[in-house]
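# Working through the structure, step by step
Spelled out, the chains give:
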Amino acid sequence: MILYEHYCAQCDGITEEVCSMDERKQFIMCDHCGGSAERIISSQIERVEPTWLNDAKRQLQPDSRGYINDRNDLNAHMKKEGIEQIG
Ligand SMILES: [Zn+2]
């Protein structure tokens, strides 16, 4: 699960939505004014990194535990699996 931020030009507000990459939307309803908020690159993605990093680790086979040890390993894994990079 990834945190996405959506910017509303009507009220200058930010609405956060946590969802998978498959479920992400370009526009969601603004939490503040009910207007249309457009997805932006989140500057706070690091805040949720431990969760999705652990999710990625859990999906690995037990005998390959330790394959992903840091961000570089994860990037390599995502590239190998054809997973879209974010942030
Ligand atoms: Zn708004």
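Report follows, based on the coordinates.

Cut-offs applied
Residues numbered from 1 in each chain as written. Predicted model: local features only at pLDDT ≥ 70, side-chain atom pairs only at ≥ 80, totals over all residues. Heavy atoms only, no water. Donors = N, O, S within 2.8 Å, 3.2 Å for Na, K, Ca; no water. Tetrahedral: all angles 85-135°; square planar, octahedral: opposite > 155°, others 65-115°. Helix = DSSP H or I, 4+ residues; strand = E, 2+ residues; numbered from the N terminus. Buried < 20%, exposed > 50% of the residue type's maximum accessible area, 1.4 Å probe, protein only. Polar contact = N/O pair within 3.5 Å; in protein donor to acceptor, adjacent residues only side chain to side chain. Contact = heavy atoms within 4.5 Å. Pairing = 2+ DSSP bridges. Axes fitted to C-alpha atoms, helices over the stretch in contact; angles between N-to-C directions.

So, on to the coordination of the zinc ion. Protein-derived coordination of the zinc ion comes from Cys-8 (SG), Cys-11 (SG), Cys-30 (SG) and Cys-33 (SG), at a distance range of 2.2 to 2.4 Å. Classification of the site at the zinc ion as tetrahedral follows from its four donor atoms and the range of 102 to 118 degrees in their angles at the metal. One chain supplies every donor for the zinc ion, spaced along it as C-x2-C-x18-C-x2-C. With Cys-8 in strand 1 (residues 2-8) and Cys-30 in the loop between strand 3 (27-29) and strand 4 (36-40), the pair connects residues that are 22 residues apart, well separated along the chain. Accessibility expressed as a relative area gives 0% for Cys-8, which makes it buried.

Turning our attention to the side chain of Thr-15. Relative to the assigned elements, Thr-15 resides in strand 2 (residues 13-19). Within the local environment of Thr-15, its side chain forms a polar contact with the backbone nitrogen of Asp-31, the two atoms lying 2.9 Å apart. Other than its neighbours up to four places away in sequence, Thr-15 contacts Tyr-4, Glu-5, His-6, Ile-28, Met-29, Cys-30, Asp-31 and His-32.

It is worth spelling out the sheet that holds strand 3 at this point. The strand order 2-1-4-3 describes an open sheet built from four strands, whose pairing is antiparallel. The sheet is open, and its two edges are formed by strand 2 and strand 3, each paired on a single side. Neighbour to neighbour, the strand axes of the sheet diverge by 40 degrees on average, direction disregarded. Of the strand pairs in this sheet, strand 1 and strand 4 are connected by four bridges, and their pairing is antiparallel. Bridging across to strand 4, Cys-8 finds its partner in Ala-37.

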